[in-house]
2 protein chains.
Amino acid sequence: MNQEITEITSAQNNLVKLARSLDKKKARNETLLFRAEGARHVLEGIECGAKLYGLLFSKNVASRPHVRELIEHAKKQNARIGQVSDSVLESVTHRDNAQNVVGIFHQNFGKLDDFTDLDLLVALERPKDPGNLGTIIRTLDSVGGQGIILLEESCDPFSTECIRAGMGSSFSVKIVKAKLDDFINWQNKNGFRLIGTSLKGSDLHTKTDMGKKTILLMGNEQSGIDDDLAGKCDALIKLPMKGRADSLNLAIATGVCLYEIWRQRDFNGRRIEGGQ
Amino acid sequence: MNQEITEITSAQNNLVKLARSLDKKKARNETLLFRAEGARHVLEGIECGAKLYGLLFSKNVASRPHVRELIEHAKKQNARIGQVSDSVLESVTHRDNAQNVVGIFHQNFGKLDDFTDLDLLVALERPKDPGNLGTIIRTLDSVGGQGIILLEESCDPFSTECIRAGMGSSFSVKIVKAKLDDFINWQNKNGFRLIGTSLKGSDLHTKTDMGKKTILLMGNEQSGIDDDLAGKCDALIKLPMKGRADSLNLAIATGVCLYEIWRQRDFNGRRIEGGQ
């Protein structure tokens, strides 16, 4: 509770080097940590119960109330805390005009059984692009979905690119890694509708019932859903296409399906702001 | 018609240097050229009538029929043609396992009057992210939309990142740059419904009539639609939101709206494949 705030001036300080190293998969795998950038997203993480390992903030913003608040949270969690110059922060994020705050968090994967009672999940088979994955996480959060299932080898949901694209939603959406067989067994037992999207599909998304307990299954960017897995789906939808394009970006296809699912549920629970 | 195919072995060859330089905005602005990668997308460009300035292909694929076809097209257009090694191509695209074919095309912007008779356009106010722009172009093509209007200063639709994200659709979707005032005047005269999306909006997209001649207007990633411009819209929609996320990625929001527009038009004209 009484840890001091270290004034860090060197980009070679250990906490700074750790924060910087988390761009690399090897460092993330060894430490089971990841990095989030920006005061808002770090606070999001804390509010969602993510465990903070370390906090770096620019001395230029040290007196701002929301940064004081973050420092208090960090102290309570016994996190390492470092006050740094903007140039040291830029050396961490490799960005000019870097964010003023960087948080280092413990990675947290859930298990399939955490998802048993939920009613809107996305399963992704071997997604490759971390920007797509982060954008899907952000979109799923936006429609009130609760969990992502990564099937087999996937890009890393804790990579910097994925966390950036997730815009804070990586903290509110739970992520589970699963083997195909385990996923199918679990899904069969728990009464989900498994809705796959596939260029080989024939059902129109707007005519396919996704009103109840649904898992939206999306295939890999290049190869789509594995044939075996497609055979297990309750419905295989194909988004309508026109023009010369022969497919949609994975995150776009997922977003269109998620909003269709929510439309079928009457946009239940949507936020009403400004007295609308 | 009888130009020879040059065998290029040096990464410092002028055509190779030109192709490489087109990653830079300055070089694109000076030459009014851009680069497309991959035999499929280069053919797409030729089929859509884009003017080819130069063609580079790997000698490993020189005898493949689709590459022979591209070379014939390039000869007809009096384009510069170079056969290169894979490592020279990789020096152009800065990618390992580069595409086997690189095309250099002339940039082509349309004018607003080209769009007068069309029924589905997207107008983007000052978009900043070329990946978003390319993804929007790909999605617009997928729903059969025909044109993009870039309002005021925008990221470059001919940047390599935008062309890559566009996946060939940059050739089939026409792009116009316009000043706000000119856009408003033109739009008023031509009977479009101007539908803006805004966090300040109050209309539900699924309850807003977008069945006829529509321009979907999307704001800048950070600041949304300018207030003045919002005042000119026939409707201001806000996509429903839930969870902790406070906004959607620009390309996702655009994709959700475009598929809603097409839903309202009964997915008219969608491609039916495999006897579905």
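Residues numbered from 1 in each chain as written. Chains lettered and ligands numbered in written order. Predicted model: local features only at pLDDT ≥ 70, side-chain atom pairs only at ≥ 80, totals over all residues.

Scanning chain A from terminus to terminus reveals 10 helices and 11 strands. For a compact globule of 276 residues, the expected C-alpha radius of gyration is about 19 Å, and chain A comes in at 21 Å, within 12% of that figure. In terms of principal-axis extent, the alpha carbons of chain A reach across some 60 × 45 × 40 Å. Considering chain A as a whole, with its 276 residues, one finds that 47% of them fall into the buried category. Put simply, 81% of the contacts in chain A that link residues at least 6 apart link residues at least 24 apart. (Helix = DSSP H or I, 4+ residues; strand = E, 2+ residues; numbered from the N terminus. Rg over C-alpha atoms; globule rule 2.2 N^0.38 Å. Buried ≥ 20, exposed ≤ 12 C-beta atoms within 10 Å, placed from the backbone. Contact = placed C-beta atoms within 7 Å.)

A few words now on the relation of the copies chain A and chain B. Note on the identical chains: chain A maps onto chain B by a rotation of 180° and an axial translation of 0.0 Å, with an RMSD of 0.0 Å. One copy is carried onto the other by what is essentially a two-fold rotation axis. Counting the interface residues of chain A, we find that 100% of their copies in chain B are interface residues as well, pointing to one common contact surface. (Least-squares fit on C-alpha atoms with pLDDT ≥ 70 in both.)

So, on to the packing of helix α3 (residues 39–47) of chain B against helix α4 (residues 65–76) of chain B. Residue and element names in this part refer to chain B. Put simply, α3 and α4 touch, their axes get as near as 11 Å, and they point 35° apart. Our pair here, α3 against α4, has a crossing hand that is left-handed. Packed against α3, whose contacting residues are Ala39, Val42, Leu43 and Ile46, the element α4 presents His66, Val67, Leu70 and His73 at the interface. In terms of residue class, the contact of α3 with α4 is built from six nonpolar, two polar and no charged. (Axes fitted to C-alpha atoms, helices over the stretch in contact; angles between N-to-C directions. Left-handed = near helix turned anticlockwise from the far one by under 90°. Nonpolar A, V, L, I, M, F, W, Y, C, P; charged D, E, K, R; others polar.)

Strand pairing within a sheet occurs via backbone hydrogen bonds; the two strands may be parallel or antiparallel. Residue and element names in this part refer to chain B. Spatial ordering of the open sheet is given by β8-β7-β6-β10-β9-β11, a layout of six strands whose pairing is parallel. If you trace the sheet from one side to the other, it starts and ends with β8 (174–178) and β11 (235–237), each paired once. Taking each pair of neighbouring strands and ignoring which way they run, the sheet shows an average axis angle of 25°. Where strand β7 (residues 147–151) and β8 come together, five bridges link them in parallel fashion. Residue pairing across strands places Leu151 opposite Ala178, the latter belonging to β8. Contacting β6 (120–125), β7, β8, β9 (193–197) and β10 (214–218), helix α8 (residues 180–189) runs over the sheet at an angle of about 140° to β7. (Pairing = 2+ DSSP bridges.)

Here we take up unusual backbone geometry. Of note, the phi angle at Asp266(A) is positive, near 55°, even though the residue is not glycine. Structurally, the position occupied by Asp266(A) is in the segment after α10 (250–264).

Below, the discussion takes up helix α5 (residues 86–93) of chain A. All names here are of chain A. For α5, the set of buried residues is Val88, Leu89, Val92 and Thr93. All buried residues of α5 lie within an arc of 130° about the axis, which places them on one face of the element. Against the buried residues of α5 lie α1 (14–21), β2 (33–37), β3 (52–58), β4 (80–84) and β5 (101–106). A positive backbone phi angle near 55° is found at His94, which sits one or two residues after α5. (Arc of directions from axis to C-beta.)

Bringing the confidence of the model for chain A into the picture now. Here chain A averages 94 in pLDDT, while 97% of its residues score no lower than 70. Here the complex is predicted with pTM 0.95, and the ipTM for its interfaces comes to 0.95. (pLDDT = per-residue confidence, 0-100.)

Now for the nonpolar core. Soluble globular proteins: nonpolar side chains tend toward being buried together. Grouped together as the largest cluster of nonpolar side chains are 162 residues, with contacts concentrated most on Leu56(A) and Leu56(B). If we ignore the near neighbours within four places in the chain, the residues touching Leu56(B) are Leu15(B), Val16(B), Ala19(B), Gly82(B), Val84(B), Leu89(B), Val92(B) and Val102(B). (Core = buried A, V, L, I, M, F, W, Y, C linked by C-beta atoms within 7 Å.)

So, on to the sheet that holds strand β10 (residues 214–218) of chain A. All names here are of chain A. Pairing in this open sheet of six strands is parallel, and the strands run β8-β7-β6-β10-β9-β11 from one edge to the other. Of all the strands in the sheet, the pair left with one neighbour each is β8 (174–178) and β11 (235–237). With strand direction ignored, the average angle separating the axes of adjacent strands in the sheet is 25°. Each of β6 (120–125), β9 (193–197) and β10 touches α10; the most contacted strand, β10, lies at about 160° to it.

So, on to helix α3 (residues 39–47) of chain A. Residue and element names in this part refer to chain A. Residues of α3 that are buried: His41, Val42, Leu43, Glu44, Gly45 and Ile46. Against β2, β3, α4 (65–76) and β5 lie the buried residues of α3. Of the residues one or two after α3, Gly49 is the one with positive phi, at around 90°.

Take the environment of Thr160(B) next. With respect to the helices and strands, the residue Thr160(B) is situated in helix α7 (residues 160–166). Once the C-alpha coordinates of Thr160(B) and Arg35(B) are considered, the two residues, 125 residues apart in sequence, prove to be 6.6 Å apart.

Attention shifts here to the interface of chain A and chain B. Taken residue by residue, the interface counts 34 residues in chain A and 34 residues in chain B. Of all the secondary-structure elements, those providing two or more residues to the side of chain A that touches chain B are α6 (130–142) and α10 of chain A. The dominant element in the side of chain A that touches chain B, judged by the number of residues it contributes, is α10(A), at seven residues. Class assignment of the residues belonging to the side of chain A that touches chain B gives a composition of 12 nonpolar, 14 polar and eight charged.

Residue and element names in this part refer to chain A. If you check the domain split of chain A, you get domain 1 (6–106) and domain 2 (112–264). Using C-alpha coordinates to define each centre, domain 1 is positioned 31 Å away from domain 2. Across the boundary between the two partners, domain 1 contributes 14 residues, which contact eight residues of domain 2. Every element with two or more residues in the side of domain 1 that touches domain 2 is listed here: α2 (25–31), β2 and α3. (Domains from an automatic or database assignment.)

The subject of this paragraph is the pairing of β10(A). Within a regular strand, the side chains alternate between the two sheet faces. All names here are of chain A. The buried fraction of β10 amounts to five of the five residues, a majority that puts the element mostly inside the structure. Side chains Thr214, Leu216 and Met218 of β10 all project onto a buried face; the interleaved residues Ile215 and Leu217 project onto the opposite face, where all are buried too. Here four bridges tie β9 to β10, and the two strands are oriented parallel to one another. Among the inter-strand pairings, Ile195 is bridged to a residue of β10, identified as Leu216.

Let's shift gears to the packing of helix α6 (residues 130–142) of chain B against helix α10 (residues 250–264) of chain B. Residue and element names in this part refer to chain B. At a closest axis distance of 9 Å, the pairing of α6 and α10 adopts a crossing angle of 15°. Relative to α10, the element α6 lies roughly parallel. Remark: the crossing between α6 and α10 carries right-handed chirality. In contact with Asn132, Thr135, Ile136, Thr139 and Leu140 of α6, α10 contributes Leu250, Ala251, Thr254, Gly255 and Leu258. (Parallel < 35°, antiparallel > 145°, perpendicular 65-115°, else oblique.)

What follows concerns the environment of His66(B). Residue and element names in this part refer to chain B. Within the fold, His66 resides in helix α4. Judged by C-beta crowding, with 14 C-beta atoms within 10 Å, His66 ranks as partly exposed. For the pair formed by His66 and Thr208, sequence separation is 142 residues and the distance between their alpha carbons is 46 Å. With sequence-adjacent residues up to four places away left out, His66 is seen in contact with Ala39 and Leu43.

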